[in-house]
Amino acid sequence: MNVLITGGAGFIGSHLAERCLKEGWTVAVVDDLSTGSFTNIQHLKGNANFSYTIDTIFHAPMIAELVDCCDIVFHLAAAVGVKLIVDSPVRTIETNVHGTEVVLRAVAKKLKRIIIASTSEVYGKSSQVPFHEDDDLVMGPTTKGRWSYACSKALDEFLGLAYHREKGVPVTVVRLFNTVGPRQTGRYGMVLPNFVARALQNEPMTVFGDGRQSRCFGYVGDAVEALVRIAKSADVTGEVLNIGNDREISIGALAELVKQRTGSSSEIVYLPYDQAYGPGFEDMFRRVPCLEKLQRLIGYRPCTPLEDIIDAVAADMREHPASH
Ligand code: UDP
């Protein structure tokens, strides 16, 4: 199989590229290196089945050519990370909405399969956990910048599903919950790489809010396994699927666990949300995926324990201290 991965030099994209190459597939990557990094894919350069293009997905003729040469597209290119979204909302909205439009148009012309990466953010501030794929999405007001990310990705989902219904394009939407693992940078605000980096330096770990808010952290290796199985499955077009781990942990408890696993002497400090993200920031209190549909359709459920994930992230940071 020939696959195209948009955002393939990013954290999840580069792990996916590796996993697809292991499958014996030919992998083409396109990435503008805005949040991705060449170091994420450098080790794949020697592989005869691997190629890459450094360019933006806004460049329609280039995307059309790459889509032409592939059987399936994993569309992962997006503006990600709460910090980036709060700091650069224009870029977030334009990248997520226009970029997906360009890719979908090219895919529709050739009726190629596409798996669109969406996010658990689309569930918004719903408190009805666990989140099922057909649940209502509960967004905050447009005056609060955070919601632009969720809305832009929800629009991607609408567009993808519309291409499926109206034009018969084989589209699958996946909602990735908090995905973590080696190579993830803390630069865009993600909590786990930040905590581990701080812990390894014995510097304070900063918990935003009171630390009672919770998340479920899924291992990137499990997420890409799910993506590959979805690519191999014929019964998932027109579907929306959650991908994540359903073990829930509060952010306060996560800080304690990171401290314990790394043997760190870091202090755990608490910072009010408005000081962390600016005034009026709204966080989600809980976010838990329902994984029944994923398990039913592809026979797989992510399960790597959080302790193992933290150990893997810490080992990677010890080995490559400069890249985080
Ligand atoms: N968070 C934190 N300290 C940090 C970064 C994030 O306490 O250094 C909190 C953040 O407020 C949120 C949770 O950790 O409640 C997860 O944040 P992240 O940005 O990793 O992902 P999100 O689930 O918010 O997209």
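A few points on the structure.

1. Some words on the sheet that holds strand β3 (residues 50-54)
- The seven strands lie next to each other as β3-β2-β1-β4-β5-β6-β11, forming an open sheet whose pairing is parallel. Looking at strand neighbours, the two that pair on one side only are β3 and β11 (240-243), the edges of this open sheet. Across the sheet, the mean angle separating the axes of adjacent strands is 20 degrees when strand polarity is ignored.
- The pairing of strand β6 (residues 171-176) with β11 spans four bridges and is classified as parallel. What sits directly across from L176, in β11, is I243.

2. Some details on the site of the ligand
- Looking at the ligand, there are 18 residues lining it, with V191, F208, R215, D283 and R287 nearest.
- Between an oxygen atom of the ligand and a main-chain N or O atom of V191, the distance comes to 2.7 Å.
- Coverage of the ligand by the protein chains reaches 93% of its 520 Å² of free accessible surface.
- Within the residue set of the shell around the ligand, elements represented by two or more residues are α6 (191-200), β8 (205-208) and α9 (273-277).
- Among the elements that take part in the shell around the ligand, β8 stands out by supplying three residues, more than any other.

3. Observations regarding the side chain of T185
- With respect to the helices and strands, T185 occurs in the loop between β7 (179-180) and α6.
- Polar contacts involving the side chain of T185 include one to the main-chain amide nitrogen of R187, which spans 3.0 Å.

4. As for the packing of helix α2 (residues 60-68) against helix α4 (residues 89-110)
- Two numbers describe how α2 lies on α4: the axes approach to 9 Å, and their chain directions differ by 45 degrees. By the angle class used here, α2 and α4 are oblique. Every pair of crossing elements has a handedness; the one defined by α2 and α4 is right-handed. Within the contact between the two elements, α2 uses A60, I63, A64, V67 and D68 and α4 uses V102, V103, A106, V107 and K110.
- Class assignment of the residues belonging to the contact of α2 with α4 gives a composition of eight nonpolar, no polar and two charged.

5. Remarks on the nonpolar core
- Counting residues in each nonpolar core, the largest one holds 36 residues, and the members touching the most others are L16, V27, F74, I230 and I243.
- For this core, the element with the highest residue contribution is helix α7 (residues 220-232), accounting for eight residues.

6. Notes on unusual backbone geometry
- Of note, the bond from V129 into P130 is cis; its omega dihedral lies within 30 degrees of zero at -5 degrees.
- Along the chain, P130 falls in the loop between β5 (113-119) and α5 (147-167).
- A positive phi is found at L111, a non-glycine position, where the angle reads about 50 degrees.
- Position of L111 among the secondary structure elements: in the loop between α4 and β5.

7. Considerations on the pattern of salt bridges
- Following the criterion strictly, the structure yields 21 salt bridges and no others.
- Ionic contacts of the salt-bridge type, sharing partners, join the residues R19, E23, E225, R229 and K232 into one network.

8. A closer look at the environment of G24
- Tracing the chain through its elements places G24 in the loop between α1 (11-22) and β2 (26-31).
- When its relative accessible area of 48% is taken as the criterion, G24 is described as partly exposed.
- Taking the C-alpha atoms as reference points, G24 and S34, separated by 10 residues in sequence, lie 28 Å from one another.

9. Observations regarding the packing of α4 against α5
- At their nearest, the axes of α4 and α5 sit 9 Å apart, and the two run at 10 degrees to each other. Classified by the angle between their axes, α4 and α5 sit roughly parallel to one another. From α4, P89, T92, I93, N96, V97, T100, E101, L104, R105 and A108 reach across to α5, where they touch S148, Y149, S152, K153, L155, D156, L159, G160 and Y163.
- Taken together, the residues of the contact of α4 with α5 sort by class into nine nonpolar, six polar and four charged.

10. Examining α2
- Listed in full, the buried residues belonging to α2 are M62, I63, L66 and V67. Along α2, the residues classed as buried sweep out an arc of 130 degrees about the axis, all on the same side. Pointing more than 90 degrees away from the buried face of α2 are the exposed residues P61 and E65.
- Looking at the buried residues of α2, the elements they touch are β1 (2-6), β2, β3, β4 (72-75) and α4.

11. Brief notes about the side chain of S14
- Following the sequence through the fold, S14 ends up in helix α1.
- The exposure class of S14 is buried, given its relative accessible area of 0%.
- If we ignore the near neighbours within four places in the chain, the residues touching S14 are G8, N40, I41, L44 and R183.

Conventions used here
Residues numbered from 1 in each chain as written. Predicted model: local features only at pLDDT ≥ 70, side-chain atom pairs only at ≥ 80, totals over all residues. Heavy atoms only, no water. Pairing = 2+ DSSP bridges. Helix = DSSP H or I, 4+ residues; strand = E, 2+ residues; numbered from the N terminus. Axes fitted to C-alpha atoms, helices over the stretch in contact; angles between N-to-C directions. Near = heavy atom within 4 Å. Polar contact = N/O pair within 3.5 Å; in protein donor to acceptor, adjacent residues only side chain to side chain. Areas by Shrake-Rupley, 256 points an atom, 1.4 Å probe, with all protein chains shown as cover. Parallel < 35°, antiparallel > 145°, perpendicular 65-115°, else oblique. Left-handed = near helix turned anticlockwise from the far one by under 90°. Contact = heavy atoms within 4.5 Å. Nonpolar A, V, L, I, M, F, W, Y, C, P; charged D, E, K, R; others polar. Core = buried A, V, L, I, M, F, W, Y, C linked by side-chain atoms within 4.5 Å. Buried < 20%, exposed > 50% of the residue type's maximum accessible area, 1.4 Å probe, protein only. Salt bridge = Lys/Arg side-chain N within 4 Å of Asp/Glu carboxyl O. Arc of directions from axis to C-beta.

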